[in-house]
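Notes for the structure review
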Amino acid sequence: MSACFSSTSVPFSESSFAFSRPAPLCSNSITVSSNNFHSVTGGGRLLLNVGGTSLCRRLRGFKLWILERLNFQFQTPKQPKNRNIFKNNLENTGLSNEKESVSGSSSILRGPDDKVIPMESPSLLQTGLSGTSMDFSRKPSLCIVVIGATGELAKRKIFPALFALYYSGFLPENVGIFGYSRKDITDEDLRSIIASTLTCRVDHQENCEDKLDAFLSRTYYINGGHDNKSGMSMLNARMDQIEGGSKTNRIFYLSVPQEALLDVASCLASSVQTQKGWNRIIFEKPFGFDALSSHRMTQYLLSNFQEKQIYRIDHLLGRNLIENLTVLRFSNLVFEPLWSRTYIHNVQVILSEDLAVHPGRYFSGYGIIRDIVHSHVLQTIALLAMEPPISLDGEDIRNEKVKVLRSIRKLEPKDVILGQYKASGGDKVDACLNGLTPTYFAAALYIDNARWDGVPFLIKTGLGLIKHQMEIRIQFRRVPGNVYHECLGHNMDRVVNELILRDVPDEAILVRVNNKVPGLGLQLDSSELNLLYKDKYNMEVPDSYEHLLLDVIDGDNHLFMRSDELEAAWNILTPILNEIDKDHISVELYEMGGRGPVGAYYLWAKHGVRWVDD
């Protein structure tokens, strides 16, 4: 078998591919007689007429096609996830149309059966023998804009997450990163500001400096001034300049105060959306101050963007614990049959944060209910309690989540405990506290559907408690007619089975079971079977912003609240918020570093639950 290029024939066989050193893909002696790429067969020879433009790239793809046709087996290096991430997102980019940019006409092959084989596969045109991406152009296929680029969130979280994705291969090498704010600085100034916050993975630091330099060289800054309309026009002009007319997708991260959100979003919608690809917009919580303000904000956003473009981000939903909720339940037969009121007695969701985690976050009038409970806690309960979705598609999961949220009974004051930590002279944030800003929230929720009827979902979340803790405890019912009850002691609540999903302090999955103590006689003990992640997996856990930003790039929206989920969550909390505004609910003070308001323990007892404090 041989290949002919115009008048030049190059014989080859299957065995010729088993070379120990990569052979050159192009030869200077090859002549070209056509501007089209096609083949004809005859006499056991494969005749190729190849356009002179980008001949090496054509041969690279053609060589892979031959290897696939011959079923040639070769070892490909381990590839990062991003090689498949963009298969759905590139359809509107220059990369998805690379066959057109390489030459002026379509590229086809004719096999031995004279069947036309279009060469449109990215595996042929965009990869080589090594499986690595071919960079046909430095023009970006994806642009990411951080609005509020000089703020603390952008410097501490967003830019480091973007670089971590870039370094690990989850962003295209030709990505464009744009910072936008009101400060009068240059591209180099922004690069200097964020450079000190960028670090490479501790578990693989190959080519760290090269990757860092490449990332910073793809980072640009636009001074928007105090007029967002003209500022966004300048941003669009700069992006068009960098993109160079290529088909590029755009992501906009709005890291701005709530009072500036609508103006920024409006100017962005009218001036900066690309017409050559998709546009996605990320909004930070809180998502409104109450049901009415949230509804108005939603209607305004939907008048400028489609629902599928909007990604409401809550960084706590990017934790590995949240993803494990559905994986543990739906991929393990041992748990799914037990996942109902028949076997589960109660569910406890615990989130206590250190004061230093997000200083000042609660003290702008929003409080812990609007900031933590409305999004993170209710979304966690929805994921835990939802029915099995018909697929892992984001919309299918959202459909099931909103059913749970609509089934949650509206909260009543008798089922809620509010607290506020006691002010101390040495605490810098105490001056921001007021009587209507809770820093602690405990409640008992009920889901009125067939699966969860009568099962209390207990929430405890607060600031400045005894320790930083994030976990979900699922306590099962007692064994009916337990023949070992005499060996278990008087406190039967201490020996119930539990499934514990822990994120902080040490990520783990724990199952509490009863077992016999070794030795003579019959003595039972309650022990934990544990999967401690740091012992099982020797790897650095990505930051939650990395996880969620990658989901946005991939178009996976199941961890982002849809508008109807937002409305359903506000409906649950609005009665309590109204009572707080009327001063009808007292706020109990508690000591910093303590266990929180004592009233919470009475609330658990009222619902027949013993709260577990390790």
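Note that residues are indexed from 1 along each chain, following the sequence as it is written. Since the coordinates come from a predicted model, pLDDT governs what is reported: local features require at least 70, and pairs of side-chain atoms require 80 or more to be given and counted, while whole-chain, interface and lining totals use all residues. To obtain the side-chain values, all non-hydrogen atoms of the structure were used and water was disregarded.

The name given to the protein chain in an unreviewed UniProt entry is Glucose-6-phosphate 1-dehydrogenase, with Cajanus cajan as the source organism. UniProt positions are given in the numbering used here, feature names are shortened, and annotations may be inferred rather than shown by experiment. Note on the protein chain: under the UniProt heading Pathway (unreviewed entry), the record states "Carbohydrate degradation; pentose phosphate pathway; D-ribulose 5-phosphate from D-glucose 6-phosphate (oxidative stage): step 1/3."

Note on conventions: DSSP H or I runs of at least 4 residues are helices, E runs of at least 2 residues are strands, and numbering of each starts at the N terminus. Counting its secondary structure elements, the protein chain contains 17 helices and 21 strands. Each residue is placed in one exposure class: buried if its accessible area under a 1.4 Å probe, protein chains only, is under 20% of its type's maximum, exposed if it is over 50%, and partly exposed if it falls in between. A buried classification covers 52% of the 614 residues belonging to the protein chain. Any two residues whose heavy atoms approach within 4.5 Å at even a single point are treated as in contact. Within the protein chain, contacts between residues at least 6 apart in sequence are counted, and of these 75% link residues at least 24 apart. Carbon and sulfur atoms make up 52% of the accessible area of the protein chain, which totals about 28,600 Å². Note on areas: Shrake-Rupley with a 1.4 Å probe; residue coverage comes only from the protein chains shown.

With that out of the way, let us pick up the state of the cysteines. Only a pair of cysteine sulfur atoms within 2.5 Å counts as a disulfide in this structure description. Inspection of every chain in the model, using the stated rule, returns one disulfide. At a sulfur-sulfur separation of 1.9 Å, the disulfide partner of Cys 200 is Cys 208. Judged by the sign of its S-S torsion, about 90 degrees, the cystine formed by Cys 200 and Cys 208 is right-handed. Neither Cys 200 nor Cys 208 differs from the other in exposure class; each is buried.

With that out of the way, let us pick up the confidence of the model for the protein chain. Low pLDDT marks regions whose predicted coordinates should not be analysed in detail. On a scale of 0 to 100, pLDDT captures the predictor's confidence in every residue. When pLDDT is averaged across the protein chain, the result is 79; 71% of the residues are at 70 or more. In the model, residues 1-60 has pLDDT below 50 throughout and makes 117 contacts with residues more than four positions away in sequence or in other chains. Confidence drops under a pLDDT of 50 for residues 70-137, and excluding neighbours within four residues, the segment shows 136 contacts in the predicted structure.

Okay, the sheet that holds strand E7 (residues 142-147) next. The pairing criterion is simple: DSSP has to find at least two bridges between the two strands. Judged by pairing direction, the sheet is parallel, and its six strands sit side by side in the order E9-E8-E7-E10-E11-E12 without closing on themselves. The sheet is open, and its two borders are formed by strand E9 (219-223) and strand E12 (310-313), each paired with just one other strand. Pairwise comparison of adjacent strand axes, ignoring direction, gives a mean angle of 20 degrees for this sheet. Note: E7 against strand E10 (residues 249-254), six bridges, orientation parallel. Axes here refer to lines fitted to C-alpha atoms; in helices the fit is confined to the stretch in contact. Angles between the N-to-C directions go from 0 to 180 degrees.

So, on to the side chain of Thr 298. The residue Thr 298 is located in helix H10 (residues 291-304) in this model. Judged by its relative accessible area of 9%, Thr 298 is buried. Beyond its immediate chain neighbours, meaning those up to four positions away, Thr 298 contacts Arg 312, Ser 563 and Leu 566.

Time to look at the sheet that holds strand E15 (residues 440-446). What the nine strands build is an open sheet, ordered E20-E19-E18-E17-E13-E16-E15-E14-E21; its pairing is mixed. For this open sheet the edge positions go to strand E20 (524-532) and strand E21 (587-590), each flanked by a neighbour on one side alone. Averaged over all pairs of adjacent strands, the angle between their axes in this sheet comes to 20 degrees, without regard to strand direction. Sitting on the sheet, helix H11 (residues 320-330) touches strand E17 (469-476), strand E18 (498-504) and strand E19 (508-516), and the angle it makes with E18 is about 155 degrees.

Where burial is concerned, most of strand E14 (residues 416-421) is hidden: six out of the six residues are buried. Judged by which residues are buried, E14 turns out to be covered on both faces: Val 416, Leu 418 and Gln 420 on one side and Ile 417, Gly 419 and Tyr 421 on the other are all buried. Inspection of the sheet shows E14 paired to E15 by four bridges, in the antiparallel sense. Bridging across to E15, Leu 418 finds its partner in Phe 441.

As a further point, take the nonpolar core. Counting 101 residues, the largest nonpolar core has Ile 369, Phe 441 and Phe 457 as the members making the most contacts within it. Looking at this core, the element that brings in the most residues is helix H12 (residues 367-385), giving eleven residues. Each domain span listed reflects an automatic or database assignment of domains. Counting contributing residues, this core receives three or more from each of domain 1 (142-284) and domain 2 (317-607). In contact with Ile 369, other than residues within four places in its own chain, are His 374, Leu 418, Phe 441, Leu 573, Ile 576, Leu 577 and Ile 580. In this text, buried Ala, Val, Leu, Ile, Met, Phe, Trp, Tyr and Cys residues form a nonpolar core when linked through side-chain atoms within 4.5 Å.

So, on to the pairing of E15. Burial analysis of E15 places seven of its seven residues in the buried class, the great majority of the element. On E15, burial covers both faces: Tyr 440, Ala 442, Ala 444 and Tyr 446 on one face and Phe 441, Ala 443 and Leu 445 on the other are all buried. Sheet topology places E15 next to strand E16 (residues 456-463); seven bridges connect them, and they run antiparallel. Across the sheet, residue Ala 443 finds its bridge partner in E16, namely Ile 459.

Whether two aromatic rings pair depends on their centres lying within 6.5 Å, for rings of Phe, Tyr and Trp, where Trp uses its six-membered ring; planes under 30 degrees apart make the pair stacked, over 60 edge-to-face, and the rest tilted. In this structure the tally under the stated criterion is eight aromatic pairs. For the ring pair Tyr 311 and Phe 560, a centre distance of 5.1 Å and an interplane angle of 80 degrees mean the geometry is edge-to-face. With a gap of 249 residues between them, Tyr 311 in strand E12 and Phe 560 in the loop between helix H15 (544-554) and helix H16 (563-581) connect regions that are remote in the sequence. Criterion for a charge above a ring: Lys NZ or Arg CZ within 6 Å of the ring centre, and within 35 degrees of the ring normal. Positioned above the aromatic ring of Tyr 166 is the side chain of Lys 211, whose terminal nitrogen or guanidinium carbon lies 5.3 Å from the ring centre. One residue, Arg 370, lies across the ring of Phe 289, its end atom 3.7 Å from the ring centre.

Once that is clear, we can look at helix H7 (residues 208-217). Those residues of H7 lying buried are Cys 208, Leu 212, Phe 215 and Leu 216. Mapping the buried residues of H7 onto a view down its axis gives an arc of 95 degrees, with all of them on the same face. Where H7 is buried, its residues contact helix H5 (152-167), strand E8 (176-181), helix H6 (187-195) and E9. Regarding the arc, it is the one traced by the directions from the helix axis to the C-beta atoms.

One way to put it is that helix H8 (residues 228-243) packs onto helix H9 (residues 258-271) with a least axis distance of 9 Å and a crossing angle of 45 degrees. By the angle between their axes, H8 is oblique relative to H9. Considering how the two elements wind past one another, H8 and H9 form a crossing that is right-handed. Of the residues in H9, those in contact with Asn 228, Lys 229, Met 232, Ser 233 and Asn 236 of H8 are Asp 263, Val 264, Cys 267, Leu 268 and Ser 271. Throughout, the ten residues Ala, Val, Leu, Ile, Met, Phe, Trp, Tyr, Cys and Pro are labelled nonpolar, Asp, Glu, Lys and Arg are labelled charged, and all others, Gly among them, are labelled polar. Here the residues of the contact of H8 with H9 are counted per class, giving four nonpolar, four polar and two charged. By definition in this entry, angles of less than 35 degrees are roughly parallel, angles greater than 145 are roughly antiparallel, angles of 65 to 115 are roughly perpendicular, and the rest are oblique. Crossing handedness follows the turn of the near helix against the far one: under a right angle anticlockwise gives a left-handed crossing, and clockwise gives a right-handed one.

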